[in-house]
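# Chains, contacts and geometry: an overview
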Amino acid sequence: MASTDLKSAAIMDQMKAHLATDAGKAITKKIGLVYQINIAPKKLGFNEESYVVDLKKGEVTKGSYEGGKPDATFSFTDEDFFKVATGKMNPQMAFMRGAMKVKGSLSAAQKFTPDIFPKPSKM
């Protein structure tokens, strides 16, 4: 993935490696959904970078989802995504506070938990 100023880019790189491990393969098998994550440097909707977390194939790619529509799309600021990914903010709280926007299937969105990210000790 291209280098960027977003803290979240490092998490996406680690997630790519994490999905190749046995633990990552178990997550892929359990969830089997495709998420698109849009991360804005400061303000939602502005200068967003998109990543696809494909938990059907077990891969993370930069850019919008090409295979139709993702099961759920999330929008975060870089800071809020970092907090959710590192377990410092609960995704449900992020949603209620307006720190995370969700489009698509809510049942798919509810499977988007910090468990899908590598543990902070690996960061």
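Summarised in this report is the structure supplied together with it. It should be emphasised that the depicted structure is a prediction, and the values quoted were computed from it without experimental measurement. (Residues numbered from 1 in each chain as written. Predicted model: local features only at pLDDT ≥ 70, side-chain atom pairs only at ≥ 80, totals over all residues. Heavy atoms only, no water.)

### Overview of helix 1 (residues 7-19)
Here helix 1 contains 13 residues, and its C-alpha end-to-end distance of 19 Å stays within 8% of the 18 Å for a straight helix at 1.5 Å per residue. Those residues of helix 1 that are buried lie in contact with helix 2 (22-31), strand 1 (34-40), strand 2 (49-54), strand 3 (59-62) and helix 3 (78-85). (Helix = DSSP H or I, 4+ residues; strand = E, 2+ residues; numbered from the N terminus. Expected span 1.5 Å × (residues − 1). Contact = heavy atoms within 4.5 Å.)

### A few points about the pattern of salt bridges
Enumeration according to the criterion identifies two salt bridges in this entry. The partner of Lys62 in a salt bridge is Glu49, and the shortest N-O contact between them spans 3.1 Å. Here Lys62 is found in strand 3, whereas its partner Glu49 is found in strand 2, with 13 residues between them in sequence. (Salt bridge = Lys/Arg side-chain N within 4 Å of Asp/Glu carboxyl O.)

### Quick notes on the nonpolar core
Residues Tyr35, Ile37, Phe74, Phe81 and Phe112 are the most contacted members of the largest nonpolar core, which totals 31 residues. For this core, the elements supplying multiple residues, two or more each, are helix 1, helix 2, strand 1, strand 2, strand 4 (72-77), helix 3 and helix 5 (106-109). For this core, the element with the most residues is helix 1, which contributes five residues. When residues no more than four places from it in sequence are discounted, the contact partners of Phe81 are Ser8, Ile11, Met12, Ile37, Ile39, Phe76, Phe112 and Phe117. (Core = buried A, V, L, I, M, F, W, Y, C linked by side-chain atoms within 4.5 Å. Buried < 20%, exposed > 50% of the residue type's maximum accessible area, 1.4 Å probe, protein only.)

### Brief notes about the environment of Leu55
Structurally, the position occupied by Leu55 is in the loop between strand 2 and strand 3. For the pair Leu55 and Leu19, spaced 36 residues apart in sequence, the C-alpha to C-alpha distance is 8.5 Å. Residue contacts for Leu55: discarding those within four places in its chain leaves Leu19, Ile27, Thr28, Ile31, Gly32, Leu33, Val34, Tyr35 and Ile116.

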